[in-house]
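# Residue-level structure breakdown
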Protein chains: 2
Amino acid sequence: MERRTVFFVSDQTGVTAETMGHSVLTQFDDQLFRQVTLPFVSTVEKAEEAVRRIDSTAQTEELRPIIFSTLVQEELREIIKRANGLVLDFFDAFLGPLELELKAKSSRAAGKAHGMQDIGAYTTRINATNFALANDDGAITRDYERADLILVGVSRSGKTPTCLYMALQYGIFAANFPLADEEFESGQLSQVLITHKRKLYGLTISPERLHQIRNERKPSSRYASMQQVEYELRTAEGLFRRYGISFIDTTETSIEEIASRILDQTGVERRLRP
Amino acid sequence: MERRTVFFVSDQTGVTAETMGHSVLTQFDDQLFRQVTLPFVSTVEKAEEAVRRIDSTAQTEELRPIIFSTLVQEELREIIKRANGLVLDFFDAFLGPLELELKAKSSRAAGKAHGMQDIGAYTTRINATNFALANDDGAITRDYERADLILVGVSRSGKTPTCLYMALQYGIFAANFPLADEEFESGQLSQVLITHKRKLYGLTISPERLHQIRNERKPSSRYASMQQVEYELRTAEGLFRRYGISFIDTTETSIEEIASRILDQTGVERRLRP
């Protein structure tokens, strides 16, 4: 199958161009795409350099490139449109209709998305990340008063990456607490969790997947055995039900989706937006 | 000033709708927007519920809502278009031209972006996050053979959030090593860093900002004093120059931008795409 090159051209980091491009490309999953990000295209020189790069790809490959552009400045967008490829211009598609609706001209200024226009948002995000790290795995801190959420689940059910993602993406203060022998044997949650019961959200996972994950970490250990894994998950889910804690199965769920479903179901407000 | 409500409607997490919406809304920064995400709109019932919610907002507010939709299924998109507001349909704008160019019909299947179609990508991401955590702050692990990058800089210059962001967003294995008394006094990097010199990338920050950040953490400490902060930063930047290590000033730079600039300059390849 012939491969086609896709360029994400941005005057900033390229995150928006990549996100939108990827989203639409997944609709053509029988095609092969090579993805190249060209970030920080913020001057005429850089735009011309980007065009040269695209054109040189067009010359050496059978199929002409596809270009997703989130450039804001008219002058730079016009340069990119001369490239030998299909240019999909994000602002062409949306800025016009919005200007009409809002009865306002856009500032057409580069560097707004993901800029540092909001130092408060930056601080929120760093603080949320530090909070997640300090309150990871039921660690010493347990600063649950300040937590927006406390994720509970057995070891390796996805708690830490989910907390960190929520911190970085949404500025949410998410702690996590591992369910372990103490809870399994007593069949009870510890007092510190009961105190903050309305902040709890459970993660579970299939025994097969958990066995696989733990086995990569500690091969052939009791910790990774199917018997242990099944016991822990059964007990953890029993605890969730007994205490009325909502929970989500992370087995076939991406981190974005876990985070998004938890926010959707709990109504916890994002402290910042991407 | 009158506020307007913006809805992000998605059959998945809403991350793409939020990213693209936010990106274009920042072009109108003299306007006030209330942002509401409606994720997992994947059935006719949920689409109708979304329309009811949008219409009810339209009735109570002066200005009609703006709706960014990344719904894929034709049937659901048609329902959303009946809502009382300006509907900006992501797939209307890009899917048609792409189908023509690729000479292929898109699958029009929901749940592709951020789905779990690729369990390998999920594992990469989790492994990268675990790597960042295990190799944080020069911790015990120092598994620098496997590192794609090693960030160096003084305490609180932004190393940890940047490593975690790169892990979650790009699956990159980023370690970090804090420059401290040992390096400041000897004026040399330790051997473990020199061995991996081509993986090093430096972070610096303005003395004023670092003083502020450290002061929040340890008020009125020597650690946070302007004198100490200036000494550390001057020495760290001297080390970067002596060893020929590229570095970036994180003071007015968002985490996305720090990550994106480092990848752009080093040519380190992303292990996964959003």
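What you see is a predicted model; the values in this text were computed from it and never measured.

### Details of the relation of the copies chain B and chain A
The relation between the two copies of this chain is a rotation about an axis and a shift parallel to it. Placing chain B over chain A gives an RMSD of 0.1 Å and needs a rotation angle of 180°, together with 0.0 Å of translation along the axis. The transformation just described matches what one would write down for a two-fold rotation axis. Scanning chain B for the C-alpha nearest the rotation axis identifies alanine 93 of chain B, at a separation of 3.1 Å. When you check the interface residues of chain B against chain A, 97% turn up at the interface there too, and the contact is symmetric in its surfaces.

### Quick look at the domain arrangement of chain A
In many analyses, interface size is given as the accessible surface area lost on bringing the parts together. Taken as a whole, chain A is organised into domain 1 (3–102) and domain 2 (119–266). With centres defined by C-alpha atoms, the gap from domain 1 of chain A to domain 2 of chain A works out at 39 Å.

### Structural notes on the packing of helix α2 (residues 44–60) of chain A against helix α3 (residues 74–81) of chain A
Residues and elements named next belong to chain A. Contact geometry of α2 with α3 gives a least axis separation of 9 Å together with a crossing angle of 15°. In terms of orientation, α2 lies roughly parallel with respect to α3. You can see that α2 and α3 cross each other, and the crossing is right-handed. Between α2 and α3, the contacting residues are Val44, Ala47, Glu48, Ala50 and Val51 on the first element and Glu75, Leu76, Ile79 and Ile80 on the second. Here the contact of α2 with α3 is built from residues that sort into seven nonpolar, no polar and two charged.

### Some words on the sheet that holds strand β8 (residues 247–249) of chain B
Residue and element names in this part refer to chain B. Here four strands make up an open sheet; going across it, the order is β6-β5-β7-β8 and the pairing parallel. In the strand order of this sheet, the two ends are held by β6 (174–178) and β8, each with one partner. Sheet twist, expressed as the average angle between the axes of neighbouring strands with direction ignored, equals 25°. With five bridges connecting them, strand β5 (residues 149–153) and β6 associate as parallel partners. When the sheet's bridge partners are listed, isoleucine 150 is paired in β6 with alanine 175.

Conventions adopted
Residues numbered from 1 in each chain as written. Chains lettered and ligands numbered in written order. Predicted model: local features only at pLDDT ≥ 70, side-chain atom pairs only at ≥ 80, totals over all residues. Least-squares fit on C-alpha atoms with pLDDT ≥ 70 in both. Contact = placed C-beta atoms within 7 Å. Domains from an automatic or database assignment. Axes fitted to C-alpha atoms, helices over the stretch in contact; angles between N-to-C directions. Helix = DSSP H or I, 4+ residues; strand = E, 2+ residues; numbered from the N terminus. Parallel < 35°, antiparallel > 145°, perpendicular 65-115°, else oblique. Left-handed = near helix turned anticlockwise from the far one by under 90°. Nonpolar A, V, L, I, M, F, W, Y, C, P; charged D, E, K, R; others polar. Pairing = 2+ DSSP bridges.

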